[in-house]
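# Structural characterization, general
The lines below spell out each chain.
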Amino acid sequence: MLMPPFELHHPSTVDEAVELAASIMAKGEAFDWVAGGTDVLPNYKWRINPKPHVISLAGIEEAHALSPSELGCMVPLSSLTTENNVHPLLVQAASKVASSLIRKSATVGGNLCLDTRCFWYNQSEDWRRSIDWCHKADCGTGADCRVIPNQNTLCVATYQGDMAPNFMVLGASVVLIGPEGERTMPLAEFYELDGMKKNVLKTGEFLLKVTLPKEALQRKGCYQKLRVRDSWDFPEAGVAASWIPGDASTLLVASTALESIPRLHAEQVENHLEAGELDPVGLAKTVQKSVKPVNNTALPPRYRRSMVKTLTKRALQGILE
Amino acid sequence: MTMGSYRQQPGASSSEVRKDGKRVAGKQVFPPPGSGGSDPQMRPRDLDFIPETVGGKEPKPAGDHIHDRDRTGTVVGKPIPLVDSNAKVTGQAWYGDDVRLPGELIGKILRSPHHYARIKSIDTSRVEALPGVIAVSTGQDAPNRFGVLPVTKDEHAMAIEKVRHVGDLVACVAAVDEATAIEALSLFDVEWEELEPVFDPKKGLEDHDEPIHWRGKYHLARTNVQKRVFQEFGDRSLVNAPHASSHGSWTMSGVHHGFTEPHAVVAHWDPNGRLQLYTPQQVPHYTHRALSTVLDVPMHQINVIRTFVGGGFGGKSDPFPHEMCAALLARKAGRPVRITFDREEVYWINRGRHPSHIDVKMTADDSGRISGFDIDALIDGGGFASFGHVTSYYNGVLATAPYELGSFHYTGARVWTNKPASGAMRGHGAVNTRCAVEVGLDEMAESMDVDPIDLRLANLLPPHSRTISGFRITSNGMREALERVREGSEWDSKFRQLPLGQGIGIGCGFFISGSGLPIHWDPKNFPHATVHIQVDMDGGVTVHTGAADIGQGSTTAVAQVVAEVLALPIEMIHVRSHESDTSPVDLGSYSSRVTFMNANAAIRAAIGIRDQLLKAAWEMLGYHPNVLVLNDRRIYYKHDPAIGVSYLQALHKAQADTGALIARGAYRSPPMGGVHKGAAAGLAPAYSFSAYVAEVDVDVETGLVSCTNVWAAHDCGKALNPLAVKGQIIGSCHMGLGQVLTEKMVYGRTGHLQNANLLEYKIPSVHEMPHVEAIIVESSDPEGPFGAKEAGEGPLLPILPAVVNAVYDAIGIRLRNLPLTPDVVYAGIEKHLKKHGLDDAEAMASPRLKHGPLQKVLVARSDEHRERDRLRQRSEDTSAYVNGVLFGFDPDRPLAEQVEGWREADEPLPEQLAELGFAGRAWLKKEQRHMGGDD
């Protein structure tokens, strides 16, 4: 497969990167940020929304920071599994992403900003032409969504990153940086529907780093991932849970691979705890009811939804032990 | 004095030797080139690898073999790395896409965006105008049809009138580089008329306005049926009042070979106007024939060069349209053209295992004999015939062994649909039915309260017998395979005794070792395989064969048997198998024929060389060849090893008058089989047998199945190279596990193939691989080379049913939708819970077994049969045995005379028409010639 041509830029500071992005935008041209490239470059080969410019974040020193409270966007997932000062939940989650080879390139930032996926979309150009394109990559045709036809307003491609729910249940925030400066927000607020928008990043803005609060260190977490094979596969469903042992009010549960964005289930947890004692099976059922997967990944949505209950129960049992 | 001290080269001084026995670097004297390695001393005979029947120590429990006297203890039976492995591990093997010729162009193929459409026009003017485009070709350039089977030629280089699936070839272009070629594809202007596609094979049985292919007067009404089969043997009245029975309806998804190397081809018309075509082919000879037909060029003006093949498994055994495209473009351009597929194109050309609907009914009588198999197989052929004619038969007839049957009834149909074409894949045609049959036996054993292994052991056909359909069984290691996996897996302490979620299951396999009929010619006129050997003054042995090494080790097998006969180190054997210019015609690597047929031919050729050497030694030593021994580059008098000559001395003597020694050997199968229509399908000079036990863990809350252990016994006759055999067994387990647990070609609601890539087409990773205990069973086939039979395909069969049966043992649920992805298993569990009014999957009951009265009967019978089989295997009992003896019939008289109602039929009786299964309904349709319509 031939990579479509693009111009690769290598800024070495945050400022340089932001300026570069601004200057490309000023010329009316499009670009993509690239960290590890394990997601965006295969998509390019399939001619899925390739851009004439690609800006690599690899040269920015700050992006490589790795400490218990701060993880730069360029930190490879393999470092999470090998460095000493990483939260055990992140070690557990990172070791389940793709394969050990891919984790050498794949990064924290890339995983959080992962493009949403759909089997009508992650296909070659020839293939997508044969279905007359889809809403997410319509190539100017105004094509309809192929998963849920006749609505044409919403993309329901699925977010299949593993790291997001785990960072969420550790209370992580993200630092975004762009032409309008820096802003920080809880990771749970970073994601925004639909499958095309994915998150709040504005053009020219990128995710510089993830920060964890001090109390994250006290948290005990567990991540349950559903997949067909124990290597390579994206999650078909994933649930993370954590708490400060003994304190039910600190309980956090988040899920991924079920909708177009990962979700922190704060509302379900709150309602459940208000109603009484923490009951893993009861809470699991509540979480299950709150998600609506669609038919665009390897396993059917009905099954994936059923599994949310099992995964949540197991994640909760994992931290309650 | 030990025998090892005899020197190879009289006159050459010894090397300087260290105290530890090794030679000092730079101080050793190399013998003259060609005398084999650098060891000047003859190694002692390796008696452990010389059969006891000819004075060695190798045990021969299955009796003596005609090739025993050709054994020299050199390499046969020893685990050795494949001879081409150095080229592969150092990255120097040249696969299809590694061929780079000066001035090459890159070819790309324009593919259909429609499932089914008529091409109204193709305008190539914009393509031709693009700078950098050198040649353009469309279907009109090559109107001649081709196909792997002469009876079903239904393919063109590119679509002539219609495209038949998304991805079907429409046109092709050659340009100076890939980017230009890709750009050029967007400049073709094609006008389409879309036609109504067919995706569901059941719909393929119905009449259609525009059948996908039209076979004229032989077309079945207006259906999309490509082939229908009916086979019935035996007395069907036996099945009417069964003591026990089982019935299973299966849906099996299509699977792909998943080989590593995508298809690639380089075509070049040399300065003399001959076509040189480089392609990773399993069957270069068929490509050779098809090229000749399509290009209108005589075969002798084409040289097909087989590159290294990065995995085939049946997926590279058809002549392919892209091979024609490359040749057409190269001819127009006057420059070499290279075409390499993307992975998606690999799935579009497909030829994987057929998606199938299989229905298996079976019955047993009150003494635990299998009174009937009733099989119906509807298989989805996709857009072209490929090997489908044969697959249609194999789905039935390869289930006629290893068990003795009271009757056998099979209806099969293969239909065209608007999907990529199915074809041959490892275990061709036998895998899906075998799975259904073996699971059916498990179910029937349960209803009889007997152990399923004992049910099998009490119903096996013995060695040297005949199946109900007339296949000649020679060696048969089925019983030993079953007994060894039973023991190895500790079956008797596990089966139906493990806790919920853990299970153990059994499955058997039976497969052809070479197809008895060479498709393109009468075996009476030409042999199946021919091998040439040439030995010149240097002593190196050059073997010319057309056997296509696709990674399975055929080159190694050929080198091994030649080295064995001539008693030469394997490094002295050079196999040349890449070019049709130099290779004798060979049918290539399919139907598990290569070791059996090619190695047999190679042994015969090597004996030809050996006899010339022995004659020369006789003249030099004065001892008759009968008392001469070949061992490690030396020929000497049996009773006094000091009296002898080196290999090179004998060779030079033999060459004195003639120059280089030349010999050839050929293999042809003996006449065999019945005379009914389809009798040749499944006929083979030998058959392999296998039995596997698999252990699984099932997560009852998620439906995830993991296979943890496999005990895999395979009867390969004789393991010429145990390392390679074990590799084949383990590899087969991996491939079969993929089909049973995770792999499927997913066609979505629009009929598009949804997962034409290796992320979503889920081949098991190393994490999913169980521990495989490979157990080699050696039944010493009388006609196999040194007793060998196939080991490349048969070992795949048993893993599927073993896993499905183990899942039942673990959770008590019969699942008949393959693959058993977690959602399928979970759906089964949910249904089961609902049926039994349970809330919690953990509360399900595991199946248990309490032996019924029949168990003793079966054990007693299998004890008797063990002795019967031993005597027959060793030819101590040579009486006739045909399927039916178990039911009390006389093997020496035709069964039709003895049994009222005995029938051998290849067409249904009118009264049977109403009760035929899905595929059988194809028999309700008439051929056009019987309809009085036009053709």
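Read on for a plain summary of the structure. Just so you know, these numbers come straight off a predicted model, no measurement behind them. (Residues numbered from 1 in each chain as written. Chains lettered and ligands numbered in written order. Predicted model: local features only at pLDDT ≥ 70, side-chain atom pairs only at ≥ 80, totals over all residues.)

### Observations concerning the overall build of chain B
What chain B contains, in helices and strands, is 19 helices and 30 strands. For chain B, whose C-alpha radius of gyration is 29 Å, the value lies close to the compact-globule estimate of 30 Å for 935 residues. In terms of principal-axis extent, the alpha carbons of chain B reach across some 85 × 80 × 55 Å. Within chain B, buried positions represent 59% of all 935 residues. In chain B, of all internal contacts separated by at least 6 residues, the share reaching a separation of at least 24 is 80%. (Helix = DSSP H or I, 4+ residues; strand = E, 2+ residues; numbered from the N terminus. Rg over C-alpha atoms; globule rule 2.2 N^0.38 Å. Buried ≥ 20, exposed ≤ 12 C-beta atoms within 10 Å, placed from the backbone. Contact = placed C-beta atoms within 7 Å.)

### Re the nonpolar core
V561, V562, V803 and V807 of chain B are the most contacted members of the largest nonpolar core, which has 337 residues in total. A per-element tally of this core places helix 13 (residues 594-621) of chain B first, with 14 residues. If near-sequence neighbours (up to four positions away) are discounted, V807 of chain B is found in contact with G503, V696, V698, V705, L815 and L820 of chain B. In terms of nonpolar packing, the next biggest core, distinct from the first, is built from 12 residues, Y121, W133, C155 and A157 of chain A among them. (Core = buried A, V, L, I, M, F, W, Y, C linked by C-beta atoms within 7 Å.)

### So, the interface of chain A and chain B
The interface of chain A with chain B comprises 22 residues on the first partner and 25 residues on the second. Where the side of chain A that touches chain B is concerned, the elements lending two or more residues are helix 7 (125-130) and helix 12 (301-320) of chain A. Split into classes, the residues belonging to the side of chain A that touches chain B amount to 13 nonpolar, five polar and four charged. (Nonpolar A, V, L, I, M, F, W, Y, C, P; charged D, E, K, R; others polar.)

### Some remarks on the packing of helix 10 (residues 266-275) of chain A against helix 11 (residues 280-289) of chain A
Residue and element names in this part refer to chain A. Remark: helix 10 packs on helix 11, axes separated minimally by 10 Å, with the N-to-C direction vectors making an angle of 140°. Relative to helix 11, helix 10 is oriented so that their crossing is right-handed. Residues Q268, V269, N271 and H272 of helix 10 touch helix 11, and the partners they reach there are G282, L283, T286 and V287. A class-by-class count of the residues in the contact of helix 10 with helix 11 yields three nonpolar, five polar and no charged. (Axes fitted to C-alpha atoms, helices over the stretch in contact; angles between N-to-C directions. Left-handed = near helix turned anticlockwise from the far one by under 90°.)

### What to know about the sheet that holds strand 2 (residues 117-123) of chain B
All names here are of chain B. Spatially, 4-2-6 is the arrangement adopted by the three strands of the open sheet, whose pairing is antiparallel. Edge positions in the sheet fall to strand 4 (162-163) and strand 6 (189-194), since each of these pairs with one other strand and no more. Here strand 2 pairs with strand 4 via two bridges, running antiparallel. Residue pairing across strands places R118 opposite K162, the latter belonging to strand 4. (Pairing = 2+ DSSP bridges.)

### Some points on helix 11 (residues 478-488) of chain B
All names here are of chain B. Taken across its 11 residues, helix 11 has eight buried, putting it largely inside the fold. Those residues of helix 11 not exposed but buried are M478, R479, E480, A481, L482, R484, V485 and R486. Residues of helix 11 that are buried sit in contact with helix 10 (452-457), strand 18 (502-512), strand 26 (687-698), strand 27 (705-715), strand 28 (771-777) and helix 18 (854-873). Phi turns positive one or two residues past the end of helix 11, at E490, with a value near 55°.

### Considerations on the environment of V439 of chain B
All names here are of chain B. For V439, the position within the fold is in helix 9 (residues 431-447). According to the C-beta neighbour criterion, V439 is buried, with 28 such atoms within 10 Å. Separated by 268 residues in sequence, V439 and C707 have C-alpha atoms that sit 17 Å apart.

### Examining the pairing of strand 19 (residues 529-535) of chain B
Residues and elements named next belong to chain B. Among the seven residues that make up strand 19, six are buried, leaving the element largely enclosed by the rest of the structure. In this sheet, strand 25 (residues 661-667) lies alongside strand 19 in antiparallel orientation, the contact comprising seven bridges. Paired with I533 across the two strands is A663, which belongs to strand 25. Relative to strand 20 (residues 541-545), strand 19 runs antiparallel, the two sharing five bridges. Counterpart to I533 in the pairing with strand 20 is V543. The antiparallel pairing of strand 19 with strand 20 creates a hairpin that spans five residues between the two strands, and G539 there sits at a positive phi of about 90°.

### Observations concerning the packing of helix 15 (residues 722-742) of chain B against helix 16 (residues 799-811) of chain B
Residue and element names in this part refer to chain B. Remark: helix 15 packs on helix 16, axes separated minimally by 8 Å, with the N-to-C direction vectors making an angle of 50°. Looking at the two axes, helix 15 sits oblique to helix 16. Judged by the twist between their axes, the crossing of helix 15 over helix 16 is right-handed. On the side of helix 15, the interface is formed by S732, C733, G736, L737, Q739, V740 and L741, while helix 16 contributes I799, L800, V803 and V804. Looking at side-chain class alone, the contact of helix 15 with helix 16 contains eight nonpolar, three polar and no charged residues. (Parallel < 35°, antiparallel > 145°, perpendicular 65-115°, else oblique.)

### Some words on the pairing of strand 18 of chain B
All names here are of chain B. Most of strand 18 sits inside the fold, with 10 of its 11 residues counted as buried. Sheet topology places strand 18 next to strand 26; 11 bridges connect them, and they run antiparallel. Residue pairing in the sheet places G509 in a bridge with S690 of strand 26.

Bear in mind that shape data such as this cannot, by itself, settle questions of function.
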